[in-house]
Amino acid sequence: MAQALSAPGPTERHDLDANDESLSLLLQWLAQYGNTFRVPSLTRPVDALVINDPDDIRRVLLTHRANYVKGAGLERVRMLVGNGLIVSEGEAWARQRHRMQPMFQGSANRAFAPMIQDLQADLVARWAVRAGSGEPIDLTRELSAVALEVVLRALFSVDFDRLVLAEGSNPFDFLAEESVRDLRFAARFRALGRFVRDIVDARRHEGRSEADWLSMLMHARDKGGEAPMAERALVDEALTLIIAGHETTASTLNWTWYLLSQHPQVQRELQAAVDAPSALPLAAESVPGETAAGSYVEQVLQEALRLYPPVWLFSRRAVGDDTLGGHPVPAGTDIFISPYLLHRSAAHWESPEAFVPERFAPGAAAGRHRFAYLPFSAGPRFCIGAGFAMAEMAMHLAMVARRFELQYCGTAPAEPEFHINLRTRHPVRMRLIART
Ligand code: HEM
């Protein structure tokens with residue numbers, strides 16, 4: 001006889017998804033039923049199980065991963081990225097991950113450092129003018145625009161400028177400007193695949209290769225060394241990198257600056273850390289995410305990712321029966337994991353609501369469960385862009401903190417919005433104070 005999902009939980013039916021309502025219900029049920037609870041489904045064929053115990057999470061993401069595939073809520077992502085790396089499964093996923101892994105190795109990331117540094121230098125120059133005028137900036141929008149340009153330049157390099165020239169403006173701009181992620185957005189986004197195809201065709205026609213992600217995708221080979229990626233897969237992966245790499249980093253930096261503005265002492269400490277000549281070599285050959293491992297810049301980012309993990313909820317589906325938290329889990333069950341809940345658990349974090357970057361100082365994590373901190377997930381489906389993202393964000397933070405203090409202009413605290421990414425509900429406005 002098939003086993004039943006017997007964990008405690010509400011009788012109320014609800015389909016968990018990445019939205020504000022699910023977050024408030026999750027908080028309520030976590031307080032009521034503890035770390036493992038069942039949520040009767042409203043429209044899905046099987047009930048869901050929420051797990052918030054790091055041992056169970058390790059089982060699902062690592063030790064018993066063969067029993068779990070990606071789960072509910074993926075339809076929305078599939079509409080955007082087709083069968084790209086975030087959503088693909090089994091053999092297709094393994095082949096693509098193997099092909100794409102070299103694109104995100106240290107040396108590949110390092111090659112993008114000058115480009116990222118130039119973009120941050122432009123941003124600093126623009127902000128210097130704004131600081132002089134005393135007029136606040138829309139930080140959220142500024143960070144979104146620069147994060148988008150970073151991924152587009154990493155993907156298309158010289159063809160990015162050609163595209164903007166040919167089209168009269170950047171056709172990808174609306175990604176940074178529009179915050180609604182509805183069907184209309186998905187259709188508009190998929191249509192951008194045409195530009196990827198055009199650039200691929202042009203490069204093939206001209207026999208041209210560039211030092212960017214697109215050429216790496218075009219030349220990537222599977223284990224046998226033979227098969228290149230089909231055009232459809234090329235487009236799906238290019239769009240995946242844009243979606244996965246843009247809003248996540250923009251959102252993290254937006255929250256990081258907000259937190260720094262609310263904790264002037266931490267902001268001063270960050271300034272002292274980046275001012276020290278030995279702290280962060282910003283030369284083109286350096287990747288702060290690597291060279292500054294354990295630095296205060298990195299600690300600040302890790303702490304911001306703890307409090308506001310952009311990917312605040314994700315899911316898996318059990319392929320066969322299993323047991324989690326001592327409860328039988330029948331095949332087909334949707335499993336939900338929330339880094340947001342986990343990162344604020346008093347069982348693993350002292351004063352979990354407080355912003356304390358020193359938690360991530362070298363040696364400070366001793367005794368902490370490795371699966372109590374998952375901003376980039378874990379196991380084989382760990383974020384492929386984590387190293388790139390940390391390097392990009394560290395470079396931004398160091399270059400900006402050297403030049404400016406940021407003061408929050410809002411009258412109310414910034415409110416989180418729990419959608420596909422954990423963003424601020426309203427744009428964050430900041431006053432820039434030039435540092436002497
Ligand atoms: C602060 C920045 C970022 C955060 C917090 C983040 C977070 C995550 C998380 C949690 C997952 C796993 C989801 C799951 O297991 O279901 C993931 C997967 C992924 N991320 Fe990131 N990400 C970030 C930046 C990036 C960047 C910059 C890129 C590439 C340009 C990227 C590309 C991907 C891809 C392709 C996957 C799917 C990997 C696979 O399934 O094999 N991410 N990311």
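Residues numbered from 1 in each chain as written. Predicted model: local features only at pLDDT ≥ 70, side-chain atom pairs only at ≥ 80, totals over all residues. Heavy atoms only, no water.

Peer 1: Let's hear about the nonpolar core: which residues, and what values?
Peer 2: Among the nonpolar cores identified, the biggest contains 63 residues, and Trp-127, Leu-139, Trp-257, Leu-270, Trp-312 and Leu-397 are the most heavily contacted of them. At nine residues, helix H18 (residues 386–403) tops the list of elements feeding residues into this core. Ranked by size, the runner-up nonpolar core spans 54 residues in total, among them Trp-93, Met-103, Phe-160 and Met-399. (Core = buried A, V, L, I, M, F, W, Y, C linked by side-chain atoms within 4.5 Å. Buried < 20%, exposed > 50% of the residue type's maximum accessible area, 1.4 Å probe, protein only. Helix = DSSP H or I, 4+ residues; strand = E, 2+ residues; numbered from the N terminus.)

Peer 1: Could you give me a rundown of the sheet that holds strand S12 (residues 429–434), with the residues and numbers involved?
Peer 2: On the basis of which strands lie adjacent, the open sheet formed by three strands has the order S4-S12-S9 and antiparallel pairing. Only two strands of the sheet have a single partner each, and these edge strands are strand S4 (137–138) and strand S9 (404–408). Summarising the sheet, S4 and S12 pair through two bridges and their orientation is antiparallel. Bridge pairing in S12 places Asp-138 opposite Arg-429. (Pairing = 2+ DSSP bridges.)

Peer 1: With reference to specific residues and values, describe helix H8 (residues 158–167).
Peer 2: Residues of H8 that are buried include every one of Asp-159, Phe-160 and Leu-163, and no others. Axial view of H8: buried residues confined to an arc of 110°, hence all on one face. (Arc of directions from axis to C-beta.)

Peer 1: Any details on unusual backbone geometry? Residues and values, ideally.
Peer 2: Its identity is not glycine, yet Ser-157 carries a phi of approximately 35°, on the positive side. Here Ser-157 shows up in the loop between helix H7 (139–156) and H8.

Peer 1: Which residues make up the sheet that holds strand S3 (residues 68–70), and what values go with them?
Peer 2: Across the sheet, five strands lie side by side as S1-S2-S8-S5-S3; this open sheet has mixed pairing. The sheet is open, and its two borders are formed by strand S1 (36–39) and S3, each paired with just one other strand. Direction aside, neighbouring strands of the sheet carry axes that sit 30° apart on average. Where S1 meets strand S2 (residues 48–51), four bridges bridge the pair, whose relative direction is antiparallel. Considered in S2, the bridge of Phe-37 is made with Val-50. Each of S1, S2, S3, strand S5 (314–318) and strand S8 (334–337) is contacted by helix H2 (residues 54–63), which is oriented at about 120° to S8, the strand it contacts most. (Axes fitted to C-alpha atoms, helices over the stretch in contact; angles between N-to-C directions. Contact = heavy atoms within 4.5 Å.)

Peer 1: How would you explain the site of the ligand if you had to name every residue and give the values?
Peer 2: Around the ligand, 27 residues are found, and the nearest of them are Lys-70, Trp-93, Arg-97, Arg-316 and Cys-383. Contact between the ligand and Lys-70: an oxygen atom at 2.9 Å from a side-chain N or O atom of the residue. For the shell around the ligand, the elements supplying multiple residues, two or more each, are helix H4 (90–100), helix H13 (231–262), S5 and H18. A per-element tally of the shell around the ligand places H13 first, with seven residues. (Near = heavy atom within 4 Å. Polar contact = N/O pair within 3.5 Å; in protein donor to acceptor, adjacent residues only side chain to side chain.)

Peer 1: Could you give me a rundown of the packing of H7 against H8, with the residues and numbers involved?
Peer 2: Working note: a packed helix pair is described by the angle between its axes plus the distance between those axes. Contact pair H7 / H8: the axes reach a minimum separation of 6 Å and the direction vectors enclose 110°. By the angle between their axes, H7 is roughly perpendicular relative to H8. Touching Glu-149, Leu-152, Arg-153 and Phe-156 of H7 are Val-158, Asp-159, Phe-160 and Asp-161, all from H8. Taken together, the residues of the contact of H7 with H8 break down into four nonpolar, no polar and four charged. (Parallel < 35°, antiparallel > 145°, perpendicular 65-115°, else oblique. Nonpolar A, V, L, I, M, F, W, Y, C, P; charged D, E, K, R; others polar.)

Peer 1: I'd like to hear about the side chain of Thr-256, residue by residue, with values.
Peer 2: Looking at the element boundaries, Thr-256 is found in helix H13. On the basis of relative accessible area, Thr-256 is assigned to the buried category, the value being 0%. Setting aside residues no more than four positions away along its own chain, Thr-256 makes contact with Val-300, Leu-301, Ala-304 and Leu-397.

Peer 1: Can you tell me about the packing of H7 against H18, naming the residues and giving the values?
Peer 2: Between H7 and H18, whose axes approach to 12 Å, the crossing angle comes to 130°. Here H18 runs oblique to H7, going by the angle between their axes. Here the hand of the crossing between H7 and H18 comes out right-handed. When H7 is examined against H18, the residues Leu-143, Ala-147, Val-150 and Ala-154 are found in contact with a partner set consisting of Phe-388, Glu-392 and His-396. Its residues placed into classes, the contact of H7 with H18 shows five nonpolar, one polar and one charged. (Left-handed = near helix turned anticlockwise from the far one by under 90°.)

Peer 1: Can you tell me about the pattern of salt bridges, naming the residues and giving the values?
Peer 2: Applying the stated rule across the entire model yields 30 salt bridges. As a salt-bridge pair, Glu-149 and Arg-153 come within 2.8 Å of each other at their nearest N and O atoms. Of this pair, Glu-149 and Arg-153 are both found in helix H7, four residues apart, which corresponds to roughly one turn of the helix. Relative accessible area serves as the criterion here: at 24%, Glu-149 is assigned to the partly exposed category. Given the relative accessible area of 19%, Arg-153 is considered buried. As a salt-bridge pair, Glu-417 and Arg-425 come within 3.8 Å of each other at their nearest N and O atoms. Several salt bridges share partner residues, and in doing so they unite Asp-20, Arg-181, Glu-247, Glu-415, Glu-417, Arg-423 and Arg-425 into one network. (Salt bridge = Lys/Arg side-chain N within 4 Å of Asp/Glu carboxyl O.)

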